[in-house]
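Coordinates in review
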Number of protein chains: 2
Amino acid sequence: MFRKTVVLFGYFLQLATLQTSFSIPASKVVSHHTDIDSQIKAYENISQKIINFVTKGEGKHQTFNQLAAMTDKFGNRLVGSETLESVIDYMLNQFKANGLENVHGEEVTNIPHWIRGQESATMLEPRNYKMSILGLGGSVGTTADGITAEVLVVHSFDELQARAAEAIGKIVVFDQVYINYGVSVAYRDYGAYQASKVGGVASLIRSIAPFSINSPHTGWQYYKNGTAKIPTACITIEDAEMLSRIAARGEKIVIHLYMEAQNLPRATSRNTVGEIVGTKYPDQVVLVSGHLDSWDVGQGAMDDGGGAFISWQVLSIMKQLNLRAKRTVRVVLWTGEEVGLVGSYQYYNAHKSNISNYDFVMESDIGTFKPNGLKFSGNDEAFAIMKKVMTLVKPINASTLYKKADGGDVSFWIKNGVPGGSLSNDNAEYFYFHHSNGDTITVENPDDLDLCTALWAVVTYVVADMDEMLPR
Amino acid sequence: MFRKTVVLFGYFLQLATLQTSFSIPASKVVSHHTDIDSQIKAYENISQKIINFVTKGEGKHQTFNQLAAMTDKFGNRLVGSETLESVIDYMLNQFKANGLENVHGEEVTNIPHWIRGQESATMLEPRNYKMSILGLGGSVGTTADGITAEVLVVHSFDELQARAAEAIGKIVVFDQVYINYGVSVAYRDYGAYQASKVGGVASLIRSIAPFSINSPHTGWQYYKNGTAKIPTACITIEDAEMLSRIAARGEKIVIHLYMEAQNLPRATSRNTVGEIVGTKYPDQVVLVSGHLDSWDVGQGAMDDGGGAFISWQVLSIMKQLNLRAKRTVRVVLWTGEEVGLVGSYQYYNAHKSNISNYDFVMESDIGTFKPNGLKFSGNDEAFAIMKKVMTLVKPINASTLYKKADGGDVSFWIKNGVPGGSLSNDNAEYFYFHHSNGDTITVENPDDLDLCTALWAVVTYVVADMDEMLPR
């Protein structure tokens, strides 16, 4: 007890009187091999300080206010758009204004560049009804006249196979039941391909969502070589169910589909990078991240404004609290995530020769609702250490360590052995808004964002400052 | 116990062997003055029969299927539209096909006839952004050029008064917090009037809803004489909050509003009426109702397809089960509810001379989610009787009697002393969908609709068949 008190007194004195960057001197904490508990214990006060700053102090609602300022100013940010590049410039300036170090964009090339254009779907038979649709990413457009065709409604790929002969020349409507995103997204991903394979002329996919207020949800989709590329869009749950009922009554359905969607020449963009260089092991990196690009609907405030901004905020808070860890803390805001993890994959390839220096890679891309803990990928020894790190966020009731990080943009590192973490949060409503016009800052709660930020900052700082890298 | 057994045996024999219409012979049940308990008790088996028929028998999902058939075929039904009149014809035919008696439309005249036309609102400054809006019922349109004006954002009528000088020539945006529908709807009702009074050129009202996926909600609004009629529309919660934040940062907002809305000459429509005439007191009436007109968005499946169809279904089930009460059971599907209870008010005036024969008036217009009981308006003696009637729906866990019926279309009768009832249900999400494109059959759950139907049918039949009218 005495020992710890001395250590903590020492660094609060430093903080209070000198206001210089600092980390807990390695000499004053014991190695985690000999006493990980006391090493973690030594971070209790600084963790509480971070938590207080974010939830009650000057940092309160900073994340929300910064995120709202960006989304209000720019709106959504599809890769390939001028808006995204303006936002990247804006973020680089924000990083610099924070005093972050080595602030720069890292070029990402050869990115799919898709644009939506005007689009509409109108049911012509059995009655005239204008549907709400969103074309799917990568889809080709229709001709200027659009496509007018009879509809075949199916509920699964199996049913489509069984009724393949009926699909020829038809618009294939998929009204699959929502199981969960991971399972059901196969219909968005491959609905057009499967429909085309059996002679369909277009496909309309029930949105991959558990709830709807007449809300279409877009997302990327994949053609396959050797099969004609047919136009494809998502429709609302409501319309999918209606078409399904009408078809079940034996009535003929005719839809007119019009889409100006285009795939333009590949685009160039940037990952947005900033650092706080480590005091003792500047080459070793704890990477914290989210993606800055979004779909071209809503504001991309949830997907992934929240994840990107809590990650940026980790470094901003470290600067505001004059914290510097032994290792380098690096924020990366990925580009081109929505069109297939393009920015993060190129980043991995550009930096993987240095993989042994990547201590821990973190990403938040599944909501920044009320946090409940961290999802972690790593070996048992690392898991045991992280379980102890998580005790530091007990004051915000978000200290559970779950197995298996989400991966996503940091999956390339995790697959190759680097311990990885993702934010676990009460995101039951995430897919209500995902890839829809409902993904706006209204979804984000300022207090919950503070809790996410606090968790993210404590974990990042402590892992970056511990005596040794996480075992792998 | 024996006595009751004889009675019930008697009428099941009648049902099973003769399949003719019947009611419990008055001679075999005691007056409710002497023994209301045993009179209610005598309805236990027939109530269970209704419940079984609706929830497990041939009646299962009939309400949903009928409602889906209508909404899929016709969509929404704004008063004044040809579609509504086609739906009224369709319903009259359905009533006749059911074998209902005295099936007819009752003319309703002088109904506000508003049409939406094309409409749009685009934020031009500080950036270009197309908003989701729905013009409000009764609103005038803009000129062909639309209105381009700076925006004043306020959060209450008080704030508007305090900042009246700033409103001149502006588009007034109301970003009022949602308290509940009854309170907050004042902004939809009178936002345009209040904005106009202080020199505003248009008003945009935050939708009256607790939740949004970028969902605008329409509804009627009221100009007042002596104040210029200015165009008015509702905007989404998300956009209202965004405009509010931008304004709070001191930035100038300019919006271009375009609305083709028109108020056409007053329309004529019909209330849709059908009956099962009473055996003993054919002039005495239990009226069960919902409204058939809807807004011109979504499908009006919830507001008020559900209420209208459970009311129709009461009579349909009575026919299917060969039930006929001592009093006449009358279904009325009101017209012109959404533009100010027009059909029900004219019905009241046409029939009020007969008010002493109106035993009980029922309406369902606040959702047909899982039912939990009945809301009731009437004197203490009537309340006590209805509490006992409600024990008959204990098998579906919806037997609570609450004080004060919602009123709405049957309010004219209730105000003048007729006991009234409305369906109480778990409608916490009602205003998520209300008056929006999300009001579709997808909101309705087939099993919950069955429970609503069962409750509605038991209450209607039993009250119509009891020895005496409810006391008033």
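Just so it is clear, the model here is predicted, and its values are computed rather than measured. (Residues numbered from 1 in each chain as written. Chains lettered and ligands numbered in written order. Predicted model: local features only at pLDDT ≥ 70, side-chain atom pairs only at ≥ 80, totals over all residues.)

1. Observations concerning the overall build of chain A
On a plain count of helices and strands, chain A comes out with 15 helices and 16 strands. Against the 2.2 N^0.38 benchmark of 23 Å for 472 residues, chain A shows a C-alpha radius of gyration of 25 Å, consistent with a compact globule. Considering only C-alpha atoms, chain A reaches an extent of 80 × 40 × 35 Å along its principal axes. When each of the 472 residues of chain A is scored for burial, the buried share is 55%. By sequence separation, contacts in chain A at least 24 residues apart represent 82% of the contacts at least 6 residues apart. (Helix = DSSP H or I, 4+ residues; strand = E, 2+ residues; numbered from the N terminus. Rg over C-alpha atoms; globule rule 2.2 N^0.38 Å. Buried ≥ 20, exposed ≤ 12 C-beta atoms within 10 Å, placed from the backbone. Contact = placed C-beta atoms within 7 Å.)

2. A word on the pairing of strand β16 (residues 420-425) of chain A
All names here are of chain A. Counting buried positions along β16 gives 6 out of 6 residues, so the element sits mostly inside the fold. Note that strand β13 (residues 358-363) and β16 share 3 bridges and pair parallel. Counterpart to M362 in the pairing with β16 is G421. (Pairing = 2+ DSSP bridges.)

3. Quick look at the sheet that holds strand β10 (residues 262-276) of chain A
Residues and elements named next belong to chain A. Reading across from one edge, β1-β10-β12-β11-β13-β16-β14-β15 is the order of the 8 strands in this open sheet, with mixed pairing throughout. The open sheet has two free edges, formed respectively by β1 (101-115) and β15 (400-403), since each of these has just one partner strand. Sheet twist, expressed as the mean angle between neighbouring strand axes with direction ignored, is 25 degrees. Here helix α12 (residues 380-390) sits on the sheet and contacts β14 (371-377) and β15; the angle it forms with β15, its principal contact strand, is near 150 degrees. (Axes fitted to C-alpha atoms, helices over the stretch in contact; angles between N-to-C directions.)

4. Some details on the relation of the copies chain B and chain A
Mapping chain B onto chain A calls for a rotation angle of 180 degrees and an axial translation of 0.0 Å; the resulting RMSD is 0.0 Å. Here the transformation between the copies is reduced to the relation of a two-fold axis. Within chain B, the C-alpha atom positioned nearest to the axis of rotation is that of B:I213, 3.2 Å from it. Mapped onto chain A, 96% of the interface residues of chain B are again interface residues, and the two copies thus contact each other with one and the same surface. (Least-squares fit on C-alpha atoms with pLDDT ≥ 70 in both.)

5. Some points on the domain arrangement of chain A
All names here are of chain A. In terms of domain boundaries, chain A breaks down into domain 1 (2-111 + 266-465) and domain 2 (117-260). Here the C-alpha centroids of domain 1 and domain 2 sit 38 Å apart. Every contact between the two is made by 11 residues of domain 1 and, on the other side, 12 residues of domain 2. Looking at side-chain class alone, the side of domain 1 that touches domain 2 contains 5 nonpolar, 5 polar and 1 charged residues. (Domains from an automatic or database assignment. Nonpolar A, V, L, I, M, F, W, Y, C, P; charged D, E, K, R; others polar.)

6. Here's the deal with the packing of helix α4 (residues 62-74) of chain A against helix α10 (residues 301-320) of chain A
Residue and element names in this part refer to chain A. Here α4 crosses α10 at 130 degrees, and the two axes come no closer than 10 Å. Here α4 is positioned oblique relative to α10, judged by the angle of their axes. As α4 packs across α10, the resulting crossing turns out to be right-handed. Contact residues: Q62, T63, Q66, L67 and T71 in α4; A301, G305, G306, F309, I310 and Q313 in α10. Taken together, the residues that form the contact of α4 with α10 break down as 4 nonpolar, 7 polar and no charged. (Parallel < 35°, antiparallel > 145°, perpendicular 65-115°, else oblique. Left-handed = near helix turned anticlockwise from the far one by under 90°.)

7. Comments concerning the interface of chain B and chain A
Counting from both sides, the interface comprises 25 residues of chain B and, opposite them, 24 residues of chain A. For the side of chain B that touches chain A, the elements supplying multiple residues, two or more each, are α4 (62-74), α9 (237-248) and α14 (430-433) of chain B. The dominant element in the side of chain B that touches chain A, judged by the number of residues it contributes, is α9(B), at 6 residues. When its residues are assigned to classes, the side of chain B that touches chain A shows 8 nonpolar, 11 polar and 6 charged.

8. Side note on α4(A)
Taking 1.5 Å per residue as the helical rise, α4(A) with its 13 residues ought to reach 18 Å, and the 18 Å between its terminal C-alpha atoms agrees with that figure. Of the residues flanking the end of α4(A), it is A:G75, one or two places downstream, whose phi is positive at about 75 degrees. (Expected span 1.5 Å × (residues − 1).)

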